[in-house]
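For reference, the chains in residue letters:
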Amino acid sequence: DIEKFTVGNDFLLDKKLVKYDIYGSIAHAIMLNKIGLLNKNELKKLKKALVEILKLSQKNKFDIKLEDEDVHTAIENFLTKKLGDLGKKIHTARSRNDQVLVDLRLYSKEKLLEVQKLVLKLASALVEFAEKHKDIPMPGYTHSRKAMPSSVGLFFGSFAESLIDDLELLDEAYELNDQS
């Protein structure tokens, strides 16, 4: 009951983080090899097992059990079961907080890129609409008063320009997530 209460529905997000935890774990294993804590054979075995987890996850066959608590433990448990003590080495010189931060930042970066693509698609559609309706007149407003004549095209084009400005904010968010 306590596990159910404390873990809750965390596994739903954790399932989305498997890919990113694998990427971070492979990078970490390469670093462990570079500093001499893993030999080439150990690195090869760990990478192979991590890729296996990735493939299982893509087929929705990698389970994160309630007793695993989270994606990090589930991956480490899989590696330990498959590779014995070598599987435990993936946690060497690495805190859980490091793993969480890497996973969430990689996840966020990918999602930010998806949002940028959607914003560009919407801005493009608005520009197309604005171009098509550029000659349809409409009153322009300044605050709540009628002002210079305008057009439907100018009106919709302004929204496209605003979205393009928003891309700068998304770029900044991406840059903030691209650091450790």
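Structural notes, computed from the coordinates.

## Thoughts on the packing of helix α6 (residues 96-132) against helix α7 (residues 152-177)
At step 1: In the contact formed by α6 and α7, the axes pass within 9 Å of each other and the chain directions differ by 165°. Taken together, the axes of α6 and α7 are roughly antiparallel relative to one another. Once α6 is placed against α7, the crossing between them reads as left-handed.
At step 2: Considered class by class, the residues forming the contact of α6 with α7 number 22 nonpolar, five polar and three charged.

## Side note on a negative patch on the surface
At step 1: Taken together, the side chains of Glu-161, Asp-165, Asp-166, Glu-168, Asp-171, Glu-172 and Glu-175 present a region of like negative charge at the surface.
At step 2: Examined against the element boundaries, Glu-172 turns out to sit in helix α7.
At step 3: Residue Glu-172 is classed as exposed on the basis of its relative accessible area of 51%.

## Points about empty space enclosed by the protein
At step 1: Scanning all chains against the criterion turns up one cavity of 30 Å³ or more.
At step 2: In this structure, the largest cavity occupies an estimated 30 Å³ of space.
At step 3: What lines the largest cavity is Asp-21, Ser-25, His-72, Ile-75, Glu-76, Ile-90, His-91, Arg-94 and Gln-99.
At step 4: When residues of the lining of the largest cavity are assigned to their parent elements, the largest contribution, three residues, is made by helix α4 (residues 71-83).
At step 5: Here the lining of the largest cavity is composed, by residue class, of two nonpolar, four polar and three charged.

## Some words on the pattern of salt bridges
At step 1: Scanning the model with the defined rule gives eight salt bridges in all.
At step 2: With a closest N to O distance of 3.1 Å, Glu-110 and Lys-19 form a salt bridge. Of this pair, Glu-110 sits in helix α6 while Lys-19 sits in helix α2 (residues 10-34); the two residues are 91 residues apart in sequence, bridging distant segments of the chain.
At step 3: Judged by its relative accessible area of 27%, Glu-110 falls in the partly exposed class.
At step 4: On the accessibility criterion, Lys-19 (25% relative accessible area) is partly exposed.

The rules behind the values
- Residues numbered from 1 in each chain as written.
- Predicted model: local features only at pLDDT ≥ 70, side-chain atom pairs only at ≥ 80, totals over all residues.
- Heavy atoms only, no water.
- Axes fitted to C-alpha atoms, helices over the stretch in contact; angles between N-to-C directions.
- Helix = DSSP H or I, 4+ residues; strand = E, 2+ residues; numbered from the N terminus.
- Parallel < 35°, antiparallel > 145°, perpendicular 65-115°, else oblique.
- Left-handed = near helix turned anticlockwise from the far one by under 90°.
- Nonpolar A, V, L, I, M, F, W, Y, C, P; charged D, E, K, R; others polar.
- Patch = residues over 30% accessible without salt bridge, like charges linked within 9 Å, V, L, I, M, F, W, Y side chains within 5 Å.
- Areas by Shrake-Rupley, 256 points an atom, 1.4 Å probe, with all protein chains shown as cover.
- Salt bridge = Lys/Arg side-chain N within 4 Å of Asp/Glu carboxyl O.
- Lys, Arg positive; Asp, Glu negative; His and termini not counted.
- Charge placed at Lys NZ, Arg CZ, Asp CG, Glu CD.
- Buried < 20%, exposed > 50% of the residue type's maximum accessible area, 1.4 Å probe, protein only.
- 1 Å grid on protein atoms, 1.4 Å probe; cavity = no way out; pocket = protein on both sides within 12 Å on 5 of 7 lines; lining within 4 Å.
- Points joined across faces, edges and corners; volume = space filled by probe spheres on them.

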